Structure formats: structure tokens, C-alpha cells
Amino acid sequence: MTVISWTLGFIPALHSKFYDDNEDLHGFFEYANTYAVFLLIALVTILFNHRSKILSLICAGICIYGICLSKSRAVWLLSIITVLVAAFYYLLGRIKSRKGKISFIIALAVTAGIIILALILTGYGRKSLII
């Protein structure tokens, strides 16, 4: 869908059918956010598909490109979270021992804590908490 709507968007007569006034790609949907959520669902389906790796990577790249063209910031954030959760799920499945899994989860928790602490201490868009 991304390839077709992006390609047809180059035709001046059809450009308004696939892009809105802000140049956000909305494909065959009315709103760009709806289109981006649809692509995110497709991306999740592709990430857990265990058939062809090369075809899955190509389709995932097209979905991510469509999400970027939709300019939906909320779905961008959800996409990052989804890919991180999928990577966590994949890496956790690759670890065989129970001790290794617990160590991996603790390392992720410590990393998440450091990131959250850094966001809090830098203010993350607000006035910094450190005087």
C-alpha cells in the first residue's frame, strides 16, 4: 500500500488523494494517523513472521518508510517502543539458561533506569530539576 500510494502521489491529479494539506501520506485511508497505525500493525505482524527473512526485512523497511511519510509522531514513538519490545522478545528467546535470562532482564532494567534518570535530570523539555 505504501509503494502504490507513494508512487501514485507523484501524479499531480492524484496527489491530493494520497496526501493531505500538510503533505502527510495517508494512503487509502482518510487520516494519516490511521494509516500509520495500520502500518504499525503490519510491522508487528512482519516482525513475528518466521518465513522469508529477506522478504520480511524489505516489507518492514517499506512499513517504516510509510510510517515516516505519514508524519504521525505518536505512531513514531509507538514504533520505537514496538521494535524495542520485539528485540527484547527475540534476544530473551535466544538466551538458553535461566541465569542468563535474569541477568539480561536486570541489565535492561538498569539501562532503562539510567535513561529515565537522565531524562528527569535534564528536564526533558522542562526546566531542569538540578539547580
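In what follows, the structure referred to is the one given above.
Residues numbered from 1 in each chain as written. Predicted model: local features only at pLDDT ≥ 70, side-chain atom pairs only at ≥ 80, totals over all residues. Heavy atoms only, no water.

Draft legend 1. Spotlight on a positive patch on the surface. A cluster of like positive charges, contributed by K53, R94, K96 and K101, occupies part of the molecular surface. The residue R94 is located in helix α5 (residues 73-94) in this model. (Patch = residues over 30% accessible without salt bridge, like charges linked within 9 Å, V, L, I, M, F, W, Y side chains within 5 Å. Areas by Shrake-Rupley, 256 points an atom, 1.4 Å probe, with all protein chains shown as cover. Salt bridge = Lys/Arg side-chain N within 4 Å of Asp/Glu carboxyl O. Lys, Arg positive; Asp, Glu negative; His and termini not counted. Charge placed at Lys NZ, Arg CZ, Asp CG, Glu CD. Helix = DSSP H or I, 4+ residues; strand = E, 2+ residues; numbered from the N terminus.)

Draft legend 2. Molecular detail of a nonpolar patch on the surface. A cluster of nonpolar residues, V44, L47, F48, V83 and Y89, forms a patch on the protein surface that exposes about 420 Å² of accessible area. Relative to the assigned elements, V83 resides in helix α5. Here V83 falls in the partly exposed class, since its relative accessible area comes to 37%. (Buried < 20%, exposed > 50% of the residue type's maximum accessible area, 1.4 Å probe, protein only.)

Draft legend 3. The arrangement of the side chain of S70 in detail. As for its placement among the helices and strands, S70 is situated in helix α4 (residues 53-70). Here S70 falls in the buried class, since its relative accessible area comes to 1%. In this structure S70 touches D24, L25, A32, Y35 and A36, once residues within four positions along its chain are discounted. (Contact = heavy atoms within 4.5 Å.)

Draft legend 4. Seen up close, the nonpolar core. Counting residues in each nonpolar core, the largest one holds 14 residues, and the members touching the most others are L25, L39, L40, L43, C63, I67 and V75. Secondary-structure elements contributing two or more residues to this core are α3 (32-47) and α4. Looking at this core element by element, the count peaks at six residues for α3. Excluding its chain neighbours within four sequence positions, the residues that come into contact with C63 are L39, A42, L43 and I46. (Core = buried A, V, L, I, M, F, W, Y, C linked by side-chain atoms within 4.5 Å.)

Draft legend 5. Broad picture of the pattern of salt bridges. On inspection of all chains with the given rule, the structure shows one salt bridge. For D24, the salt bridge is made with K71, and the minimal N-O distance between the two is 3.9 Å. Here K71 lies in the loop between α4 and α5 and D24 lies in the loop between α2 (15-18) and α3, a separation of 47 residues in the sequence.

Draft legend 6. Spotlight on the packing of α3 against α4. The interhelical angle for the contact between α3 and α4, taken along N-to-C directions, is 160 degrees, at an axis separation of 9 Å. For the element pair α3 / α4, the angle class is roughly antiparallel. Our pair here, α3 against α4, has a crossing hand that is left-handed. Judged by residue contacts, A32, Y35, A36, L39, L40, A42, L43 and I46 of α3 engage S56, C59, A60, C63, I64, G66, I67 and S70 from α4. Tallied by class, residues from the contact of α3 with α4 come to 13 nonpolar, three polar and no charged. (Axes fitted to C-alpha atoms, helices over the stretch in contact; angles between N-to-C directions. Parallel < 35°, antiparallel > 145°, perpendicular 65-115°, else oblique. Left-handed = near helix turned anticlockwise from the far one by under 90°. Nonpolar A, V, L, I, M, F, W, Y, C, P; charged D, E, K, R; others polar.)

Draft legend 7. Structural view of α3. Across its 16 residues, α3 extends 22 Å between first and last C-alpha, which sits within 8% of the 22 Å expected from 1.5 Å per residue. Along α3, the positions that sit buried rather than exposed are A32, Y35, A36, L39, L40, L43 and I46. Angular distribution of buried residues about the axis of α3 spans 140 degrees; they occupy a single face of the element. Exposed side of α3, more than 90 degrees from the buried face: I41 and T45 are the residues found there. Looking at the buried positions of α3, the neighbouring elements they touch are α1 (2-8), α4 and α5. (Expected span 1.5 Å × (residues − 1). Arc of directions from axis to C-beta.)

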